[in-house]
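Chain residues, written in single-letter form:
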Amino acid sequence: MSLKRRDFLFLFSASFTTVAVGSCQESKKLPLISSSSPPKSPPSLPFKPIKGPLPNASDLLNQAHLSESTNLVSVPSVSNQIQAYSTYQVVDDLVLPEGFTYDVIASWGDPVGNSRFGYNNDYVSFVPTGENEGFLTVNFEYISPGIWFETYSQVIGKPLSLKKIQSLTQNQKINAFALPEKDVLRQEIVQLSQEGLIDLGMGVISIQRQADGRWVRTYSPNDRRITGLSGWKDQHYLKATGPAVAIFRKKGKGYNDPFGEKIIGTFSNCAGGTTPWGTVLSAEENFQSYVPEAVYPDGSAYEPGETPFVLDEMEGLGNVFGLAGNKYGWIVEVDPTNPQDYGTKHTWLGRYRHEAVGVRVEAGQPLAFYSGCDRLSGHLYKFVSKNTVKNAQDKKNSQLLSEGMLYAAQFNPDGTGRWIPLKADTTVNPDLPNVHAGGVISLPQRPDGGNFVAKTNEDIQRFKQRFKTLGNLYTGNPEEQQGAILIDAHLAASAVGATCTARPEDIEVGPDGSLFIAFTSGEANAETGGPNLQIFKHPSQEKPYQYGWVMRLVEEGNVPQAMTFRWQMFATGGEVAEGGLGFSNPDNLAVDGAGNLWMVTDISTSKHNQPVTQGRLDQNQQPLEGKDLLGVYGNNSVWFLPTSGDAAGQAFLFAIGPMESEMTGPFFTPDQKTLFMAAQHPGELHRTRQNMATKTLQFALQTTEGEEFMQTRQVPVGSNWPTKKPNDPPKPSVVAIRRINSQPLVEKRNPV
């Protein structure tokens, strides 16, 4: 499919002009949105919210005011919630509102170029090349071992040597990299690791919209896979820009692979972003599952044996290939229209557990790219380019990512904050351990590499006495030292006082230039550190909070290069009776053409539909809280949050995902007629649903006013999605959601 440049610019400007240009025309002091109370009358919504498994904010609307003209489904009133929710049936399907449908575009194992569609698809990006055609770029994040092992031969059509590896390893950790080349176990691990890494990375597929609104694949010559092993045999190496390239080129203190600045593959590709010039940004997240994360003060990697191969978890897949850990954990840029492009890792954007990237591009201003580190204690980051944008749609803007500065956010309890530069002369000043959930903070270990855990105020004082600036923690000439800081960004940010946050998973730039940031969970971690409890806390007290938030952040002066900002929690997870909006663990975000926010949830699979006892007490008669209550939320779901009007900051349920899945990567077409999404890991816990098995479970719920009652819930055991046929294997898949009548999902707001 050839790129029609004029059509591309026209189509893309429809969805990006407000981000690239409009925010310059806003006032310098933007008001923050408050979501302290529900709307007093039924709002006008673009769909009829579906009924979820537990009472939520929709039920607070006065049922007497509901009518057909309000375009709102008849939800239970507070007074009859107990009757309405006393029974509930979970469905192994993507459940949508009345008038909507979905089409499956691609599933795990489908052909893509000379390879296959990968596993656990996450971010989805659509780059149009004409009015009804374009490229989908899809991330493939990780392997769910149990269901992948069970269904691999059925879906892919060839067996795995699991029993042979099990007999040779006894499920022990194996440093396969250290085994002789002709060793039988090494050869078997090479084959299995290769299949796993093929199912990770990125994929580009061409699609076209039919007259009836359905999207179908067109199998363009541009269709291709970028896998975890691209370059290993096919010479399709990934490239890199920025200071860390100097580390890749030299022989450092630690481990060096033989490829110099060339990089083998990409994996752990979670969410991402799309630029106005038509490239896709893919975020390498939990790379530490496959290669060592820790580095030495010069930025060089730890030995591959530090992350050994583990069969049961499908971890350490990079071990046997000798992949250097410092080359993973970056943002990867790919042009889907260029079949020769296999990705560039921009090291100025920092190496950490990236979840996504928010893009702010405005003519006459520098680029600003925002990303979060998805771990308890992870930081929020911003890259600002040295040079400015001339034309937001110019592909030369990619060159701006090669020079600039990376900053980490410091949040203050009064709703203000600042950006701290990660450079050699920045002062070392970490937060004290006692402000964090878990009571610890991880910092760079010196003179060795890696990290140590500070547990007391005295630990921090000794650290500050030894090291005055980041330049005292990292070695090399100025370029190499900057590269080492970027490679070790998480620990460097902790050292200079960046705020430890609550798993920042996605960042979207709104039409007015403000940021929406999903913080998934604020639980404690006594081993590696948790979020700052002065910022990320329970709605009514300063203690860890499991259910997450969506924050709105406004840059000072509303310019991308600002060094200070204001912040406020826009939406809070949790049950309504406890101060939440009825969802839990917000994850990927999308902003529609009217400026509304769409959000998907990321509840751990092991907690889906887990029963909650009557009285909400554990076996010791102590109140249940946190993870022990996640089962009430059922399957992962999709929510609609208006950003203006009476319902601003409220949450309305749009969709519920298949069994044990996670809905990911929401992305709208410029005409707003299609919402692309991916369903990740259906059947991850109970695997293939056998003979339509269902179990009956009990849940102690609360009304929105806090009155407890019991719900009987019918729950499928495992999944057969997307075919929904008895005993069919569940497969991660990408879908196109649309209205049956082919009208837009929302009406676009006119550009500012």
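Residues numbered from 1 in each chain as written. Predicted model: local features only at pLDDT ≥ 70, side-chain atom pairs only at ≥ 80, totals over all residues. Heavy atoms only, no water.

## Points about the sheet that holds strand β29 (residues 652-656)
Now for step 1: Strand order in this open sheet of four strands is β26-β27-β28-β29, and the pairing throughout is antiparallel. Of all strands in the sheet, those bounded by a partner on one side alone are β26 (586-591) and β29. The average undirected angle you get between the axes of adjacent strands in this sheet is 25°.
Now for step 2: Where strand β27 (residues 597-601) lies against strand β28 (residues 637-641), four bridges are found, and the strand directions are antiparallel. Looking at β28, one finds that Leu 597 is bridged to Leu 641. (Pairing = 2+ DSSP bridges. Helix = DSSP H or I, 4+ residues; strand = E, 2+ residues; numbered from the N terminus. Axes fitted to C-alpha atoms, helices over the stretch in contact; angles between N-to-C directions.)

## Considerations on the side chain of Glu 141
Now for step 1: Mapped onto the elements, Glu 141 comes out in the loop between β6 (133-140) and α3 (145-156).
Now for step 2: Nearest to the buried, unbridged Glu 141 among oppositely charged side chains is Arg 503, at 7.8 Å.
Now for step 3: Once you skip the residues sitting within four places of it in the chain, Glu 141 turns out to touch Tyr 119, Asn 120, Asp 122, Leu 200, Ser 268, Asn 269, Cys 270, Glu 285, Tyr 290 and Gln 680. (Buried < 20%, exposed > 50% of the residue type's maximum accessible area, 1.4 Å probe, protein only. Lys, Arg positive; Asp, Glu negative; His and termini not counted. Salt bridge = Lys/Arg side-chain N within 4 Å of Asp/Glu carboxyl O. Contact = heavy atoms within 4.5 Å.)

## Some details on unusual backbone geometry
Now for step 1: Cis geometry is found at the peptide bond from Arg 446 to Pro 447, where omega equals 10°.
Now for step 2: Secondary-structure assignment places Pro 447 in the loop between β20 (441-444) and β21 (451-454).
Now for step 3: Cis rather than trans, the peptide bond between Trp 721 and Pro 722 has omega equal to 20°.
Now for step 4: Here Asn 120, not a glycine, exhibits a phi torsion of approximately 50°, which is positive.
Now for step 5: Turning to its location among the elements, Asn 120 is positioned in the loop between β4 (115-116) and β5 (121-130).
Now for step 6: A positive phi angle, close to 95°, is found at Ser 377, a residue other than glycine.
Now for step 7: Mapped onto the elements, Ser 377 comes out in the loop between β16 (366-372) and β17 (380-388).

## As for the sheet that holds strand β22 (residues 504-509)
Now for step 1: Here nine strands make up an open sheet; going across it, the order is β15-β16-β17-β18-β19-β25-β24-β23-β22 and the pairing antiparallel. This sheet does not close on itself; its edge strands, each paired only once, are β15 (358-360) and β22. Going from strand to strand, the sheet's axes swing by 30° on average, the running direction of each strand aside.
Now for step 2: Sheet analysis places β22 next to strand β23 (residues 515-519), joined by five bridges and oriented antiparallel. The residue bridging Ile 507 from the neighbouring strand is Ile 517, located in β23.

## A short note on the nonpolar core
Now for step 1: Core analysis: the biggest nonpolar cluster contains 105 residues, and Phe 369, Tyr 381, Phe 411, Leu 422 and Leu 470 have the highest contact counts within it.
Now for step 2: The element best represented in this core is strand β18 (residues 404-411), accounting for six residues.
Now for step 3: In this view, Phe 369 contacts Thr 275, Trp 277, Leu 281, Leu 349, Val 357, Gly 358, Val 359, Tyr 381, Lys 382, Phe 383 and Leu 401; residues no more than four positions away in its chain are not counted.
Now for step 4: Ile 247, Leu 311, Val 334 and Ile 487 belong to the second largest nonpolar core, which has 48 residues in total. (Core = buried A, V, L, I, M, F, W, Y, C linked by side-chain atoms within 4.5 Å.)

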